[in-house]
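Structure assessment
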Amino acid sequence: MEYLQRKLHQMQLNSGFKHHSKCLKVQLTNLMFADDVLFFSRGDVNSVDLLLKEFHSFLNSTGMKVNKAKSKIYFGSASTDVKSEILKLSMFKEGSLPFRYLGVPLTSKKLSVSHYMVLIDKIVSRISHWSSKLLSYADRLMFIKSISFAMANYWMLCFPLPKSVIRKIDSICISFLWTGKDVVSRKSPVAWAKVCKPLKHGGLGIINLLIWNECTMLKLLWNICNKSDSFWVKWINSYYLKRHTIMELQSKPTHSWIMRAILNQRDCLQEHQTIWEDMNMRQKFKCSDFYKAFQDSPPVSWSQLLMFNPATPRAVFIFWLVCHGKIPTKSRLCRFGLLSDNKCGFCDNEETVSHLFFECDEMRSIWSSVQHWLNIHHSPKRWEEEIVWIQRQGKGKGWRAKLFRLAITETIYGAWLYRNGTCFGKAMHRDKVLEHILEKIVYRSWGYKDLKSHIVNYMAF
C-alpha cells in the first residue's frame with residue numbers, strides 16, 4: 001500500500017487533478033484500512049480519470065483485483081451529465097449515502113434515528129438468541145455488561161448517540177434483565193438509574209449510556225487538544241480551528257453536527273477542570289475517570305458485602321435484591337395486585353423481607369445452623385437490625401470476613417430457593433436445604449487459597 005501512496009502523491013503534482021473541496025488543505029486523496037480503500041477527488045471527469053489510472057497501474061503492478069460488486073462511487077452535487085461520464089469511466093455502480101464502513105454509517109448529514117436501527121437490531125438479535133436459553137439474572141447481567149455495552153460503545157467512540165436511541169437500548173436491556181425476553185416490558189423491580197450505579201453506590205455496575213456518551217465526546221475533545229499527529233485532528237485544525245484553539249472556537253450552525261456535539265462538552269469541564277488538567281499532564285485520557293466524577297453519589301452501607309464476594313453470581317444478585325427490599329415476596333406481589341394471599345408458606349404471618357430473613361422460625365433455623373457451623377453464636381433479629389450486624393461481621397479483607405460474606409449470601413439464596421420450592425409444590429426437607437447451602441460454601445471456598453486452608457477445619461464438624 002505504500003507504493004499506492006507514492007503514486008497518488010505524484011498524481012497530485014499533475015495540474016489536471018483537483019482535490020475534493022474538503023480535502024485540499026490537508027492534501028487528502030485516500031483513506032485505507034486493511035484491504036478497504038476510500039478515494040476522494042473533485043467531481044470532474046479529469047480528476048477521476050487521473051485517480052483511476054494511478055489505481056489501475058498499482059493493480060497491474062501487484063496483481064490485485066477490484067471486487068466491483070463491493071465497490072461503489074458516491075457523488076455530491078455533480079450534474080447528471082458528469083455523473084454519467086464518470087460512471088461509464090469507472091465501471092462502478094453509483095451508491096447513496098449513508099453507507100456502512102467498518103460497521104458504522106457514513107453520511108454528509110446528521111444521522112437520523114432510523115440510521116441507528118442497525119445497532120438496535122444487532123442488540124435485539126443477540127438478545128433474541130439468548131432469550132430462549134434458561135439464563136439466570138446474573139447471566140443476563142453479564143450479557144448486558146459485555147455484549148450490549150461493547151456494541152453501543154463502538155458507535156459512541158465515533159459519534160454521539162441520540163437520547164431516543166439510548167432510551168430504546170436501555171428499554172431493551174431492562175426487559176431482558178428482568179424478564180429474559182427482548183419484548184419491552186414495564187417489569188422493573190429496581191429503577192434503571194439505580195441499576196446503572198456502581199456497586200459501591202448500590203447498583204450493579206452497568207454502564208449508564210447517557211453519561212458514557214458524554215465521556216466519549218469529551219475524549220474526542222481531548223484528542224483535538226492533545227493529538228496533533230492525528231490526521232483527523234489536522235483536518236479539524238485546517239477547516240475549523242485555523243488560528244483558534246478548540247476552547248476558544250464558537251459553535252456555529254454551519255459546523256457539522258458532530259463538531260457541535262464535541263464543542264458542547266466544554267461546559268462539562270467547568271466542574272471537573274482538575275480531572276482534565278491531570279489527564280493533560282499524564283497525556284492520557286480515561287473515560288472512566290470522568291464517568292466516576294459524573295456519577296458521584298453517596299455509597300450504601302451494605303455494598304461491602306457484595307464486593308469481592310466469592311459466592312455464586314446468581315446468589316449475589318438475589319442478595320442485592322434483598323438489600324434493596326425488592327425481592328418478590330407475597331406481600332410485595334399483593335400490593336401490585338398479582339396475588340391475593342400474602343401469608344408465609346411456613347407460617348401464618350405476612351411474608352415480607354423482614355419476615356423471611358429471619359423472623360420466620362424455619363428460615364431462622366437455617367441461618368442459625370449455618371452460623372453454628374461457622375462457630376458463630378448469634379441470635380437472628382429483624383432484617384433491619386440483622387443487616388447492620390451482618391455488615392460488621394463481613395467488614396474487612398481477612399479470610400473470616402470473606403467466608404462470612406460467602407455464607408450469608410449463599411444462605412439467603414438457598415433460603416429463597418427453599419421458599420420458592422414450597423410455594424410451587426417442590427418443597428425440600430430443611431436438612432437437605434442446609435446441606436446444599438454448606439456444600440455451596442465449601443465448594444466456592446475451595447477456589448480461593450486464603451479460604452481453602454481454613455475451610456478444612458469447618459468440614460470436620
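The text that follows walks through the structure, step by step, so that each part is easy to find. Quantities reported herein were computed from a predicted structural model and do not represent experimental measurements.

Considering the pairing of strand β2 (residues 36–39)
When strand β1 (residues 30–33) meets β2, the two strands line up antiparallel, connected through four bridges. Each bridged residue has a counterpart across the sheet, and for N30 the counterpart in β2 is F39. Between the end of β1 and the start of β2, which pair antiparallel, lie two residues, with A34 showing a positive phi angle near 55°.

Quick notes on the packing of aromatic side chains
The tally for this structure, following the rule as stated, stands at 26 aromatic pairs. With a centroid separation of 5.8 Å and 65° between ring planes, the pair formed by W235 and Y240 is classed as edge-to-face. By relative accessible area, W235 is classed as partly exposed at 22%. Here the aromatic rings of F357 and F358 are separated by 5.5 Å at their centres, their planes lie at 80°, and the arrangement is edge-to-face. Per residue, the accessibility class of F357 equals that of F358, and both read buried. Taken together, F357, F358, W367, W383, W389 and F404 form an aromatic cluster joined through their ring pairs. Lying across the ring of Y239, K25 places its NZ or CZ 4.9 Å from the centre.

Some remarks on helix α14 (residues 313–324)
Helical periodicity: at 3.6 residues per turn, an α-helix aligns residues three or four positions apart in one direction. End to end, α14 covers 17 Å across 12 residues, agreeing with the expected 16 Å (1.5 Å per residue, within 8%). When we look at burial in α14, the residues that qualify are A315, V316, F317, I318, F319, W320, L321, V322 and C323.

Considerations on unusual backbone geometry
The linkage connecting L97 with the following residue, P98, adopts the cis geometry, with an omega of 0°. Here P98 shows up in the loop between β4 (93–94) and β5 (99–101). Following F357, the chain continues into F358 via a peptide bond in cis, with omega recorded as 5°. Mapped onto the elements of the fold, F358 is located in helix α16 (residues 353–359). Unusually for a residue other than glycine, M91 sits at a positive phi of about 65°.

Brief notes about the layout of surface pockets
Counted as a void, the second largest pocket has a volume near 730 Å³. Around the second largest pocket sit 24 residues that line it, and Y137, K187, P328, L333 and W416 are the ones nearest its centre. Among the elements of the structure, α14, α15 (330–335) and α19 (399–423) are those that each provide at least two residues to the lining of the second largest pocket. Considering every element that reaches the lining of the second largest pocket, the biggest residue donor is α19, with six residues. Classifying every residue of the lining of the second largest pocket gives 15 nonpolar, three polar and six charged.

Cut-off values and rules
- Residues numbered from 1 in each chain as written.
- Predicted model: local features only at pLDDT ≥ 70, side-chain atom pairs only at ≥ 80, totals over all residues.
- Heavy atoms only, no water.
- Pairing = 2+ DSSP bridges.
- Helix = DSSP H or I, 4+ residues; strand = E, 2+ residues; numbered from the N terminus.
- Phe/Tyr/Trp six-rings, centres within 6.5 Å; stacked < 30°, edge-to-face > 60°.
- Buried < 20%, exposed > 50% of the residue type's maximum accessible area, 1.4 Å probe, protein only.
- Lys NZ or Arg CZ within 6 Å of the ring centre and 35° of its normal.
- Expected span 1.5 Å × (residues − 1).
- 1 Å grid on protein atoms, 1.4 Å probe; cavity = no way out; pocket = protein on both sides within 12 Å on 5 of 7 lines; lining within 4 Å.
- Points joined across faces, edges and corners; volume = space filled by probe spheres on them.
- Nonpolar A, V, L, I, M, F, W, Y, C, P; charged D, E, K, R; others polar.

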